[in-house]
Each structure stands twice: as structure tokens, then as C-alpha cells.
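Given next are the chains, with one letter for each unit.
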Amino acid sequence: MQDTPQVGELTPPNRTLMGPGPSDVNPRVLRAMSTPLVGHLDPSFIEVMNEVQELLRYTFRTDNQWTIPVSGTGSAAMEAAIGNVVEPGDTMLVPTNGYFGGRMAEMTRRAGGEVVEVDAPWGEPLSPADVADAFDEHQPDVFGFVHAETSTGVRQPEVSELTRIAHEHDALVVADTVTSIGGVELRVDEWDIDVAYAGPQKCLSCPPGASPLTLNDDAMDKVLAREEPARSWYLDLSLLEGYWGEERAYHHTAPITNVYALREALRLVAEEGIASRWKRHERMAGALKAGVKAMGMEMNAPDDYWLPSLNAVRVPAGVDDGEVISRLLDEYDLEIAGGLGDLSGEIFRIGCMGHSARPKNVTYLVNALGSVLEDEGAAVDAAGGAEATAEKL
């Protein structure tokens, strides 16, 4: 027999979360998670489901009937989108300009699809001309792009132009909006996006567990007309339709507490107003960017496609990025992250998302980062950075 485990009370550190996610959670969301459970088919929970769907439509800027929280993290919503829309034998066009385009490719292959790529360097957006050339060459059935690339700090401009090209070739468009929903301008209907998926833990400042997904009628028609079922039973949207559609029939036990949390997080979005929320993120991240530049550091993305919710900052010469990240965590209880893939060791990834996008957090981050960098021997002007940030707040 095993000895009884000696485990004490849960006492996680009180961090300031300014990395690529999760972000700080609003106390109202935490309170919502502590409210009593009801059954996942309880009439009161069905009312909550209706409210969450309404709030998600507002936040996505869509009238799509098929707008739901997927039970799982953002990767579950991603797999639900790709695994249902891509049928065996379909071809999906995916980008190469960041880590999450590669994840799109992997999920496409697992769904039985063929992958073709439209190339762009890490740290640059897709060119509509290159996308058009890729369509002419490959004639894909589905086109995926990342609206806000968490690995590079790049926002994809000209979304409507990309969707126009795809629809002229009778392809569906799948958008990764994980790091943009609720923080960066996103207009699913106006930009003619067929499918968009997201995560709750970034600009929505909600713990992961129930992840936004929306499909328009064209995309859902394709899902319901599949010749063979999606390879995942759990994420099969033709089955989930019974639970999240009008019937509200049992499919699985929804993560009730996570749905409560998402409801409150989305209620905060609606109270602030989506356009005001976009402006707040731009203003707070603008103050962060001003401080970084005044210190003498460079942003990874030019202003034309800078991503306010995820600021990729070039690591100063001679600095060990891992040491800086560790010291911020150990000495300041402050989380930021390093680069992934092609940008590993070259950038800091600094989030400015949701409840973390506040003057207090931005000021703390710029002061702490400047202090640690100076102590590590970097040629930065910490005082100048702090002053520039203060002027913008």
C-alpha cells in the first residue's frame, strides 16, 4: 500500500501576468467560478448557455447562429474548427509565418487533409499577392490564417482582402483569433470570416476551459454534409449541435464553472463596450511600447502590423533572455516569456491583455524590466523608459 500523501493547502504565488497568456483574471470572474454548480441540463444552466452565446456573438462581431464555447482550451476550439471543416482528401492552405500556422498544419494532417503552404518570414504578415498565387497554384478547399500571431507579435492586416481571395476560389476561411478576441479589432461578419476560434485566457482574462468558436452557415453546411464523421467524437460539431443548438440534448458534461467564468468575462466586455476595449488595449500597449523604445530597445513588428495584445521586443545585445525572464519571476513575481521557434532567444514576448492591460501593470512591467536589464549590463535607459511610459498613461 502507498503511504498517504502529505499535501498541504494550495498556495500559488501571486504573480503579475504579462506574458503571452494567461493574463490576470478580474476578481468578478473568480467570484463567478465560486458560485454553486447546477446540472449541465438544468433549465437555469440552459439560460446561462443562451447568454454566453449572445455575448460571444457580440464579442466576435457576428450574427452566426453557430457560436459556442468549446469544452476545453483554445487548442480544443482550434481542433474543433479544423477537424470538422477539413475532410479527408481536402487541401488546406496554411501560413508559415509563425508557430501557430504550424499547428494548423499538424491538425489538418491528423484530420486527413493535405497541407500546402503560403510563405512569409516569421515576424511578417501574409501578403495578399502571395495568398492569391498560392490559391492559383494549389486550389485549396480551406484557407487558415492567424489574425494575431502570439509567437511573433504580428497582427495580420488586410483580412478582408484575404477572405475575398479565398471566396473567389470557393474556399472556406478559418481564422485563429486566440490573441485578438476582446482586445484587438476583430469583425467576423464584416471581414467575411467563415470560421473563427479563440481562447479565453488572453484578452478575455478568463481561466482556460471553455473556448470561443463561431461558424457561419456555409461552414456549418459543410460540416453537416460530411460523408464521414469527424475523427474526434468529443469535438464533432454535428453532435455538439444537439447540445448547443435548440434541442439542448445531452452530449457531454459541460465544464459548468468555466462557462460561468466565460459568461462573466464576456459580460465585462459588453459593459466596457467592444470598441472602447479595443482602444484601451491600444492605449495601454502604446504606453508599454513607448517605454521600450525610450529604453533603447526595438519592437519586432513595425507599426503597420504591431499587435497591441502581444508585444514582441527584441532582446538587447549581450543579454541572456532566459536570465532576465527568470529574475523578473523570482524577484518581482512578474511573468513575461521568450521567443519560440525561429525567434527563440531573440525576443521577449510581453502581453498587454484584458485585466492585465492596466496602468498599474504596465508601469510595474516597464520599471522592473528596465531595472533587471540594467543590472544585467544591457545598454538601456531604464529611467527614460519609465518616464516615456508615464507620459502615455
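Residues numbered from 1 in each chain as written. Predicted model: local features only at pLDDT ≥ 70, side-chain atom pairs only at ≥ 80, totals over all residues. Heavy atoms only, no water.

**Digging into the pattern of salt bridges**
Note the following rule: Within this document, salt bridges are pairs made up of a side-chain nitrogen of Lys or Arg and a carboxyl oxygen of Asp or Glu, the two lying within 4 Å of each other. Only DSSP runs of H or I reaching four residues or more are called helices, and only runs of E reaching two or more are called strands; each is numbered from the N terminus. Exposure categories follow from relative accessible area, calculated using a 1.4 Å probe and restricted to protein chains: below 20% of the type maximum is buried, above 50% is exposed, and the middle band is partly exposed.
Applying the stated rule across the entire model yields 21 salt bridges. We note a salt bridge from R164 to E168, for which the minimum N-O separation is 2.6 Å. One end of the pair, R164, and the other, E168, are both in helix α6 (residues 159-168), four residues apart, so they sit about a helical turn from each other. The class for R164 is partly exposed, based on a relative accessible area of 36%. Between E346 and R314 there is a salt bridge, with its nearest N and O atoms 3.1 Å apart. Taken together, the residues span a long stretch of sequence, with E346 in the loop between β13 (337-338) and β14 (347-351) and R314 in strand β11 (residues 310-314) at a distance of 32 residues. Through salt bridges with shared partners, one network takes in R28, E264, R267 and E271.

**Points about the pairing of strand β10 (residues 209-215)**
Spelled out, the test is: Only strands joined by at least two bridges in the DSSP assignment are considered to pair.
Counting buried residues in β10 gives seven out of seven residues, a clear majority hidden from the surface. Sheet topology note: the strand β9 (residues 195-197)/β10 ladder contains three bridges and is antiparallel. Looking across to β10, one finds that Y197 is bridged to L213.

**Some points on the sheet that holds β11**
Pairing is antiparallel across the open sheet formed by three strands, whose spatial order is β11-β14-β13. What marks the edges here is a single partner per strand, and that holds for β11 and β13. Where β11 lies against β14, five bridges are found, and the strand directions are antiparallel. In the strand pairing of β14, N311 is matched with I350.

**Quick notes on the sheet that holds strand β5 (residues 142-146)**
The condition is simple: In this description, a line fitted to the C-alpha atoms serves as the axis of each element, helices being fitted only across the stretch in contact, and the angle between N-to-C directions of two axes falls anywhere from 0 to 180 degrees. Whether two residues touch is decided by their heavy atoms; if any such pair falls within 4.5 Å, the residues are in contact.
The strand order across the open sheet built from seven strands is β2-β10-β9-β8-β5-β3-β4, with neighbouring strands paired in mixed fashion. Either end of the sheet is taken by a strand with one partner, and the two such strands are β2 (66-72) and β4 (114-118). This sheet shows a mean twist of 20° between the axes of neighbouring strands, independent of strand direction. Summarising the sheet, strand β3 (residues 91-95) and β4 pair through five bridges and their orientation is parallel. Among the inter-strand pairings, L93 is bridged to a residue of β4, identified as V116. Across the sheet, helix α7 (residues 217-224) lies against β2, β8 (172-176), β9 and β10, angled at about 100° from β10, the strand it touches most.

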